[in-house]
2 protein chains.
Amino acid sequence: MFTRCVRNILSRSAFTVTLKQHSWRRCSTSQTETVDQVTTLLQLCVDRFFVSPGHANVELFQRGLCCSYGPLGMELRRNLLDQWWHSVTRSGAQVLGINTLSSSSREAPTGGQGQLRIVECELLKQRLGQKELSKERLAEEVRMLLQMSPSMRTNLLQGALEQFVPSLELVYRKLPFGLAETGLCFQPAEGSGCSAEVTQTSLVWFCSPRTSSQWLDHWTRQRLKWWRKFALSPSDFSSNEVQQEELEQAASRGVRIIYNFPWGQEVLETLWSRGDAELLHIHKGDRSKLQHRDGRKSIPHVVSITANMDRGAMAFLSNSLQQLKREESKQKLHQRKVLKLHPVLAPIKVALNIARGATVELRQICEGLLQEFLEAKISVWPGYLETLPTSMEQLNAKYDEMGVLFTIIISENTLESGLLQVRSRDTAIKETMHISEIKNFLFRYISAADNI
Amino acid sequence: MFTRCVRNILSRSAFTVTLKQHSWRRCSTSQTETVDQVTTLLQLCVDRFFVSPGHANVELFQRGLCCSYGPLGMELRRNLLDQWWHSVTRSGAQVLGINTLSSSSREAPTGGQGQLRIVECELLKQRLGQKELSKERLAEEVRMLLQMSPSMRTNLLQGALEQFVPSLELVYRKLPFGLAETGLCFQPAEGSGCSAEVTQTSLVWFCSPRTSSQWLDHWTRQRLKWWRKFALSPSDFSSNEVQQEELEQAASRGVRIIYNFPWGQEVLETLWSRGDAELLHIHKGDRSKLQHRDGRKSIPHVVSITANMDRGAMAFLSNSLQQLKREESKQKLHQRKVLKLHPVLAPIKVALNIARGATVELRQICEGLLQEFLEAKISVWPGYLETLPTSMEQLNAKYDEMGVLFTIIISENTLESGLLQVRSRDTAIKETMHISEIKNFLFRYISAADNI
């Protein structure tokens, strides 16, 4: 099933790779091992409900595009987007959230090149069915319909530039401030005629011309720090300055934040210092509307910070997968895969299970705890609902692959003494704890990880 | 600016309205008053940064479609979506979140009627430019390109039905369970050739055939309770059974949740008991894949629960706007507009301001409090950044229209005694409080409102 994916990886890696050694036990990364790693990662993502099955879907995922996510992948990306949102809106800097439309009838700034438009099928078919028209007239009518059809956005920058004027009012006409948005953007997929969706995050920062380069540096530091905060091996995230010859038209400087995938480097986020040309263009050169209070007739400069959070989710999955090998006996090579996702990103914080011999009372305890966790906004997995017998070892292996932080085992002993067993994903150590302490323990553990 | 909107409202209300008396001081709702109400509401939404300015944008908003939201509207809808998410995923029922693509190449179930497709402009223009083709061949080529282009989803049901099989595995093949998703859906806009975006929430519930009608009732109760929880005047939200002749093709029963707008009733949410036909159709009749553990060969039935959260945000804005009139003297009619949004929905919980005579020390206190609130995830408005003189009365009027729950005034007195003034939006009463107590006070106030 994954052979084609892996073939793709290999052909791509020939172009881009400078493979680095990960901190965990990979002695050397030969090409075969890279393939193994990638296959293992993708297979795990499907088996453990991060990504929906199906070759085409997994390929989207691997290419850093939006795909059909399973419940765990959905929750991971949701956590990631929440963290991004909090990091930009609660940074102390003046950042306002906005929401713009994903399609619009305005002329795209690229002049139509590679544009995607939403066409109403019936209307187009009606045009095509007009018998009396000449061929030229028909082509002309179809072109006009196309011209009238709304185009899909390829980024969130345009919307933010348009919202600059009303937002300036809201911040008392003072700079600097930023407009934040997350949402789907659409890109033509090479060759296939298909379109590709990407979940982007965008912070568009408006500042005085003389400070724009400093702000670019500021946001680069902030963003790199943010990516690394959640990483198991932070050095896989890095930033580099865009070379002069690769700069976008309007930009005076650019920085890329990059992740080292097993198959090579890919861009997660791009920061551009864009000057004021686009802002002036969108507002038709009306300088008076654009001036801030301390402006002395200068127009704000724009720094744009755009990330791909689908690829971001993929990067953290890749970064957090540890494969630990241990020879148990001469015949048996024991291999443990653990998805050591950061506590705030992990889609499931705790799993609730019952030791051998489930009774009505034990299930009731589980249901009580489940409710308690849900109220404390701790996501919980109701493992006790599974009635087919599973060994503790199988269960732990499964939860480790799902990235579940802690597994709680309720047993007969819990009924008598109130004690339960808590196993940690990261240490594989089992502790005994009183049932009254467990919620606070989890809450403190997650908060502590959040505040580092 | 709004006269056209208002004209639209009037023409629409003739068809749909059965106007109800609101609880607040509207003695009679003549048509003129309805127009006044709607104009006031829409104007306030623009002035107070809920909705971006522009006639076309405000019209989208009023029609219950996704529009370009300002910072306050964005935050309101975000809060609403969060509340929906928590209410379905933390209800104790087994609900899994998923994320599916907004466009897909699969054949739409409606057979192409009214479909929107994403077309790559360049490809279509290339086809049109082929000189050597006959007219018929040209039309055929365009049709083929259209056929290959991905279609935009009109609802979230299809994606959830597709995800049923992998999800069934995750819940140990046990019923009932649900798949939850929120996202943009696209609809052809009548006549205009434009498309319209709607932010939908979808819970697709899979249950045994004999319980589906009970589940429909269960979810109707839950959903109506949810809408009313956040309402100032809950009786404006109601539900009614869909008449036999209006049932969708596959459905055996349907319920609508309705809001009484000043211009008439509009549907916020629809619940359908859909049977198993669509599930079987999507999985090509492969019954063995669809059977749950206690199935005895029966196929799960589907209950779909779909809401429009753009219209939902509009409903809560409309529901929470109170216009209070008071004659101060014979000449002056004092009118106060207060947006009494529910504490968990209010986009800004607290505004921080400085009394006359701002000094460096007072600003530092504000910045300290700002940081403290942000860390406690209490959204705060930095009113102290405004340096133009504003009277306290103007300030309160503005914050009331923004729906800000509390306004804090820091003064010289705060420096001496640690005391600050807190004004409540809902009572307009000012209290004195010690600076060390304010965060906990706000936190408790919001949590209490959440838990009712």
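Residues numbered from 1 in each chain as written. Chains lettered and ligands numbered in written order. Predicted model: local features only at pLDDT ≥ 70, side-chain atom pairs only at ≥ 80, totals over all residues. Heavy atoms only, no water.

Taking an unreviewed UniProt entry as the reference, chain A is identified by name as Anticodon-binding domain-containing protein belonging to Oreochromis aureus. In its Subcellular location (unreviewed entry) section, the UniProt entry covering chain A states "Mitochondrion". (UniProt positions renumbered as here; feature names shortened; annotations may be inferred.)

Residue and element names in this part refer to chain A. The final tally for this structure, using the stated rule, is 39 aromatic pairs over all chains. Their ring planes at 85 degrees and their centres at 5.0 Å tell us that Trp226 and Trp227 sit as a pair that is edge-to-face. Exposure remark for Trp226: the relative accessible area of 6% places this residue in the buried category. Their ring planes at 20 degrees and their centres at 5.7 Å tell us that Trp227 and Phe316 sit as a pair that is stacked. Here Phe316 lies in helix α12 (residues 309-320) and Trp227 lies in helix α9 (residues 212-229), a separation of 89 residues in the sequence. This pair shows no difference in class: Trp227 is buried, exactly as Phe316 is. Members of the aromatic cluster, joined through ring pairs, are Trp226, Trp227, Phe230, Phe237, Tyr259, Phe261, Trp263 and Phe316. Of note, Arg223 hangs over the ring of Trp226, and the distance from its end group to the ring centre comes to 4.4 Å. (Phe/Tyr/Trp six-rings, centres within 6.5 Å; stacked < 30°, edge-to-face > 60°. Buried < 20%, exposed > 50% of the residue type's maximum accessible area, 1.4 Å probe, protein only. Helix = DSSP H or I, 4+ residues; strand = E, 2+ residues; numbered from the N terminus. Lys NZ or Arg CZ within 6 Å of the ring centre and 35° of its normal.)

As a further point, take the relation of the copies chain A and chain B. One copy of the chain maps onto the other through a rotation about an axis followed by a shift along the same axis. Overlaying chain A on chain B yields an RMSD of 0.0 Å, the required transformation being a rotation through 180 degrees with an accompanying axial translation of 0.0 Å. Expressed as an axis order, the relation between the two copies is that of a two-fold axis. Residue by residue, 100% of the interface of chain A is reproduced at the interface of chain B, so both copies engage with the same surface. (Least-squares fit on C-alpha atoms with pLDDT ≥ 70 in both. Contact = heavy atoms within 4.5 Å.)

Most of strand β3 (residues 116-120) of chain B is tucked away: five of the five residues are buried. Of the two faces of β3 of chain B, the one holding Leu116, Ile118 and Glu120 of chain B and the one holding Arg117 and Val119 of chain B are both buried throughout. Both strand β3 (residues 116-120) of chain A and β3 of chain B contribute to a ladder of five bridges, which runs antiparallel. Within the sheet, the bridge partner assigned to Val119 of chain A lies in β3 of chain B and is Arg117 of chain B. (Pairing = 2+ DSSP bridges.)

Looking now at the sheet that holds strand β15 (residues 406-410) of chain B. All names here are of chain B. Read across the open sheet, the five strands follow the order β14-β13-β15-β16-β17; overall the sheet is mixed. Edge positions in the sheet fall to β14 (380-381) and β17 (430-434), since each has one partner strand and no second. The sheet contact formed by strand β13 (residues 350-354) and β14 spans two bridges and is parallel. Looking across to β14, one finds that Ala351 is bridged to Trp381. Packed on one face of the sheet, helix α16 (residues 438-451) meets β13, β15, β16 (419-424) and β17 and runs near 175 degrees to β15. (Axes fitted to C-alpha atoms, helices over the stretch in contact; angles between N-to-C directions.)

Both faces of the sheet carry side chains from a regular strand, because those side chains alternate between them. Residues and elements named next belong to chain B. Counting buried residues in strand β5 (residues 177-188) gives nine out of 12 residues, a clear majority hidden from the surface. Bridge analysis of strand β1 (residues 95-97) against β5 gives three bridges, and the strand direction is parallel. In the sheet register, Val95 faces β5, and the bridge partner there is Gly178.

Formed by 238 residues in total, the largest nonpolar core has its most connected members in Phe206, Phe373 and Ile438 of chain A together with Phe206 and Phe373 of chain B. When residues no more than four places from it in sequence are discounted, the contact partners of Phe373 of chain B are Val350, Leu352, Ile378, Val380, Ile408, Ile438, Lys439 and Leu442 of chain B. One finds Leu133 and Val142 of chain A together with Leu124 and Ala139 of chain B within the second-largest nonpolar core, a separate group that totals 21 residues. (Core = buried A, V, L, I, M, F, W, Y, C linked by side-chain atoms within 4.5 Å.)

UniProt records the feature "domain: Anticodon-binding" (unreviewed entry) at residues 359-442 of chain A, using the numbering of this structure. Spanning residues 359-442 of chain A, this segment combines 45% helix with 21% strand, and its end C-alpha atoms are found 26 Å apart.

Our next topic: α12 of chain A. Each α-helix turn comprises 3.6 residues. Residues three or four places apart therefore point the same way. Residues and elements named next belong to chain A. Helix length check: α12, at 12 residues, gives a terminal C-alpha distance of 16 Å against a target of 16 Å (1.5 Å per residue), a fit within 8%. Among the 12 residues that make up α12, 12 are buried, leaving the element largely enclosed by the rest of the structure. The set of residues buried in α12 consists of Met309, Asp310, Arg311, Gly312, Ala313, Met314, Ala315, Phe316, Leu317, Ser318, Asn319 and Ser320. Among the residues of α12, the N-terminal cap falls to Asn308, whose side-chain oxygen and the backbone nitrogen of Asp310 are separated by 2.9 Å. (Expected span 1.5 Å × (residues − 1). Polar contact = N/O pair within 3.5 Å; in protein donor to acceptor, adjacent residues only side chain to side chain.)

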